[in-house]
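# Architecture and fold: a report
Residues per chain are reported as follows:
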Amino acid sequence: MYNHQNDPGVKTFRQEADKLAENDADLKKQLADLDAKVEQMRRDGVPVDPKALPPGVDPAVALAADKVVQEKPDSGGGFGTWLVIFGVGAVVAVLFLATIGRRRNVG
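Scoring rules and cut-offs
- Residues numbered from 1 in each chain as written.
- Predicted model: local features only at pLDDT ≥ 70, side-chain atom pairs only at ≥ 80, totals over all residues.
- Heavy atoms only, no water.
- Helix = DSSP H or I, 4+ residues; strand = E, 2+ residues; numbered from the N terminus.
- Buried < 20%, exposed > 50% of the residue type's maximum accessible area, 1.4 Å probe, protein only.
- Contact = heavy atoms within 4.5 Å.
- Salt bridge = Lys/Arg side-chain N within 4 Å of Asp/Glu carboxyl O.
- Expected span 1.5 Å × (residues − 1).
- Arc of directions from axis to C-beta.
- Polar contact = N/O pair within 3.5 Å; in protein donor to acceptor, adjacent residues only side chain to side chain.

Right, let's get into the overall build of the protein chain. Across its full length, the protein chain carries five helices and zero strands. When its helices and strands are written in sequence order, the protein chain yields α-α-α-α-α. The buried share of the protein chain, taken over its 107 residues, is 8%. Long-range pairs, those at least 24 residues apart, make up 52% of the contacts in the protein chain with a sequence separation of at least 6.

Counted under the stated rule, the structure contains four salt bridges. The partner of D35 in a salt bridge is R14, and the shortest N-O contact between them spans 2.6 Å. Placement of the pair is D35 in helix α2 (residues 25–43) and R14 in helix α1 (residues 8–21), with a sequence separation of 21 residues. Look at D35 and you get partly exposed, because its relative accessible area is 36%. Assessed through its relative accessible area of 18%, R14 is described here as buried. Between E39 and R42 there is a salt bridge, with its nearest N and O atoms 2.9 Å apart.

Right, let's get into the environment of M41. Secondary-structure assignment places M41 in helix α2. Sequence separation between M41 and Y2 is 39 residues; the distance between their C-alpha atoms is 7.7 Å. With near-sequence residues (within four places) excluded, M41 lies in contact with Y2 and V46.

The next subject is α2. Here α2 is 19 residues long and its end C-alpha atoms lie 27 Å apart, about the 27 Å a rise of 1.5 Å per residue gives. Among the residues of α2, those classed as buried are L27, L31 and V38. Down the axis of α2, the buried set is contained in an arc of 35 degrees. They therefore lie on one face. Turned more than 90 degrees away from the buried face of α2, the exposed residues are A25, K29, K37 and R43. As for α2, its buried residues are in contact with α1. The backbone nitrogen of D26 lies 3.1 Å from a side-chain oxygen of the residue at the head of α2, namely D24. G45, located one to two residues past α2, shows a positive phi value of around 75 degrees.

So, in structure tokens, the structure goes:
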């Protein structure tokens, strides 16, 4: 919270948490404890690092969203799609021919 206090998502989260805390004493205490920790970090002169990650978070995972956004989305219609269409068509054709063959043998 300290390092990301200016992030719009964190600000929105905090506004929603404050609204919920109006009717939840436990949440209100948790937010007060959080505020005390943030204020202590500010008094201690801890520099704000908006790129900081919580302990144990793999940076490669944290950066995954940016990489997904930068990549061109798959437009579909590739070789795999045509292979599936051809396969389904072949199955339908075999079943159709088998049905016709049975009718000739029965009639």
